[in-house]
Structures are given as C-alpha cells and as structure tokens.
Amino acid sequence: MQGLARRPKTAQALATRARIVLACAEGLSNSEVSRRLGVSLPTVGKWRKRFVADRVDGLRDEPRPGAPRKIGDAQVEAVITRTLEEPPSDRDSHWSTRSMAKAVGLNQTAVSRIWRAFGLKPHLVDSWKLSTDPLFVDKVRDIVGLYLDPPEAAMVLAVDEKSQMQALDRTAPMLPMMPGVPGRVTHDYVRHGTTSLFAALDVATGKVIGQTQRKHRHQEFLRFLRTIDRATPTLADRRQRHPKPTRHLAVGQAFRTRQHDPRPRRQRLRRLRPPSQPLQLPPSPQRSVPAAPASDHVHHPYQQSTNELTTQDTRRGFRLC
C-alpha cells in the first residue's frame, strides 16, 4: 500500500484510494480522513468497504461493460503473415485494405486497424543500392570527416546541382482569396523552358552560394566553381590568419576536390586501402590500339575540365581529382 501511494508512475486515482486505506488503518474516522485528504465522505466509505471485502484487488477498477472482442489473435496473425509473405492473388503490385479483407474474410476497417497497429504500409517502397567501389568506405570517411571534424583553417563547401527545373507559369493571373472562396488558379500552365541550379553550402556559416545556368555541362560547372572562388576568401586573405589554409569541396555524387598528391594512382590506392583487406586490381588488357595523331585527339569533357582546373587553379591550393 505504501508503494501504491508513493510510486511516481501509479495512477492518481489508485494512489488516492491507497492513501484512504492507510489513513483508515491509523484509526481515523471517515470524517477525519475526508478532511485530511480532501475527498468526500461517500468516497471514503466506498473504498473502505471495497478494501475490507477484496483487499488490494478491490482498489482497482472493475472491467467496464462493452462488446466482446470479435477478432482473435489467430486472425490478426493471419493478416500480418499474408501481408508480409504472400503476394496479392490478383497480380496487383501490393496489397490494399480491400483486397486483403476479401482474402482473409474480414472487413476493410479491421484490416486497416491491424496494419496501423503493426506499422505495415504495403503501398510504400524504399530503394537501396550497394556500391561496388572498393574504396567506398574510405571515401565516405573522407567526406563525412569534413563535416564532423574539418581540418584547421579549412572551408568546407557542400556542392550539388539540380538540373532540368521547369519554369512554369499559369495562363491567367491568380484570383485572390475572398471570404468563403479560396484562391484560384487555372488548371493549365505555360512552360518557359528549363534551367539548372548549382548551389554550394558553407557548412560552418550556413551561407549558400547559388547560380542558375541554361545548360548542364562541364562548362557551366566550371563557371560555377569560378563563382565560388570569387565569393570565398582568397588564399592571400586566409594566409594572414592561418599558416596553411586549405579548401575542400564535398560535391554531391559528382566530384570532390582535395590537395594535389603528386604520387601515382597505385601508390595512393595503397595508402587508402586498409592493411587487412588487400585490394585486387584487375590486370590491364593487352590490346594493340593504333595511336591516333595529335591533331585528331579528342579530350573527354571530364578530362578537359580536369586539365583546365589544373592549369588555372593549382596556384590557389586545390585541384580536382
């Protein structure tokens, strides 16, 4: 009884009943208990009689009247098992509440309640993909490490692009909202072409550097990198505050920039791979390909952008790799 009266998680109604019984056990009358606990006389008499008749169980609420349960545990288990393990019988992409109700012999409301209770949503599908890059873990650590613990005197920029953004406009001006009438627009629209948005987020300050381009090529991306270069502090300005400033770009799904490593690629791969997991590089195919003339050599856009960045921006302390 002392535990029921003092326990923080006990319901207040049950705790009050326990205090009434404890006060009566001290030899107090009903009127004295009523004045001490601030309850009415009939309440004190009711719970005194219930405790004398049924002891502690008499202090708890009795089962309330209502309709008995119609759906048993076996039916609930059948609905859950069929939802998780069996495809729909009518070749649908997923179960619906009505198709499941028809299959198990229940009503649609009962199936909906069972799904909500167990968090089942057959209409939702998430996608996932495993990376085949052997250095994926090392690259994730490099990028995440820039956000969690950036190097001293470093500026971390998260860069990404959104292409093929449609510029839409309604065929008529929007009608304003009036009392009882919402704002109205026409159902048809006019397309004014597409645009591409490039944006860079400064992780430290939250500043966003944005630029829109009509096309989405490597020339536009290089133009945006120059915009970032003009909008951020120069190397000379940052050198006054820090001895060795660096600049890191965490570019979404495309590129990332870091300080130039003059060693060959194979030596860099040896440095990055963990000692316990040797990296097996496929042998290069032995094929005799005639060399093309120097005048007919065509650079890939990515290679061309790399060469241009290397020649123009290496003096600023970063290189695209």
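As the structure is a prediction and not an experimental result, all values here were calculated from the model.

*Asks:* Is there a simple way to think about the overall build of the chain in this case?
*Replies:* Along its length, the chain carries 12 helices and six strands. Going through the 321 residues of the chain one by one, you find that 26% of them count as buried. Sequence-distant contacts in the chain: of pairs separated by 6 or more residues, those separated by 24 or more amount to 48%.

*Asks:* Even after reading the chapter, I still don't get the packing of helix α2 (residues 12-25) against helix α3 (residues 30-37), so can you show me in this structure?
*Replies:* Between two packed helices, what matters for the description is the angle formed by their axes and the separation of those axes. Where α2 meets α3, the closest approach of the two axes is 10 Å, and the angle between their N-to-C directions is 135 degrees. Between α2 and α3, the interaxial angle falls into the category oblique. Two packed elements cross with a definite hand, and for α2 against α3 that hand is right-handed. Contacts from R19, I20, A23 and C24 of α2 reach α3 at V33, R36 and L37. Considered class by class, the residues forming the contact of α2 with α3 number five nonpolar, no polar and two charged.

*Asks:* Explain the nonpolar core here, please?
*Replies:* Side chains of nonpolar character tend, in soluble globular proteins, to be buried together. One finds I20, C24, V33, V44 and L59 to be the most contacted residues of the largest nonpolar core, which totals 15 residues. Sort the elements by how many residues they give to this core and α2 lands first, with six residues. Other than its neighbours up to four places away in sequence, I20 contacts V33, L37, V39, T43, V44 and W47. I80, M100, A110 and V111 belong to the second-largest nonpolar core, a separate cluster that totals 12 residues.

*Asks:* Help me understand a nonpolar patch on the surface in this model?
*Replies:* On the surface, F136, V137, V140, V144, Y147, L148 and V203 cluster together into a nonpolar patch covering about 600 Å² of accessible area. Here Y147 shows up in helix α8 (residues 136-148).

*Asks:* Looking at this model, I keep getting lost on the confidence of the model for the chain. Mind explaining?
*Replies:* Caution is warranted with low-pLDDT regions, since their predicted coordinates should not be read in detail. Across the chain, the average pLDDT comes to 76, with 72% of residues at or above 70. The element-level mean pLDDT for the chain is lowest in strand β6 (residues 319-320), coming to 38, with helix α7 (residues 108-118) highest at 94. In the predicted structure, residues 268-276 sits below a pLDDT of 50 and forms 14 contacts with residues beyond four places in sequence or in another chain. Taken together, the stretch residues 287-307 has pLDDT below 50 and engages in 10 contacts with residues farther than four places along the chain or on a different chain.

*Asks:* So what exactly am I meant to see when it comes to the pairing of strand β2 (residues 189-202) here?
*Replies:* For strand β1 (residues 154-170) and β2, the ladder comprises 11 bridges, and the chain directions are antiparallel. Following the sheet pairing, R170 is matched in β2 by Y189. Of the pairings in the sheet, the one linking β2 to strand β3 (residues 208-213) comprises six bridges and is antiparallel in character. Counterpart to A200 in the pairing with β3 is I209. The antiparallel hairpin formed by β2 and β3 contains five residues in its connecting segment, where G206 sits at a positive phi of about 80 degrees.

Scoring rules and cut-offs
Residues numbered from 1 in each chain as written. Predicted model: local features only at pLDDT ≥ 70, side-chain atom pairs only at ≥ 80, totals over all residues. Heavy atoms only, no water. Helix = DSSP H or I, 4+ residues; strand = E, 2+ residues; numbered from the N terminus. Buried < 20%, exposed > 50% of the residue type's maximum accessible area, 1.4 Å probe, protein only. Contact = heavy atoms within 4.5 Å. Axes fitted to C-alpha atoms, helices over the stretch in contact; angles between N-to-C directions. Parallel < 35°, antiparallel > 145°, perpendicular 65-115°, else oblique. Left-handed = near helix turned anticlockwise from the far one by under 90°. Nonpolar A, V, L, I, M, F, W, Y, C, P; charged D, E, K, R; others polar. Core = buried A, V, L, I, M, F, W, Y, C linked by side-chain atoms within 4.5 Å. Patch = residues over 30% accessible without salt bridge, like charges linked within 9 Å, V, L, I, M, F, W, Y side chains within 5 Å. Areas by Shrake-Rupley, 256 points an atom, 1.4 Å probe, with all protein chains shown as cover. Salt bridge = Lys/Arg side-chain N within 4 Å of Asp/Glu carboxyl O. pLDDT = per-residue confidence, 0-100. Pairing = 2+ DSSP bridges.

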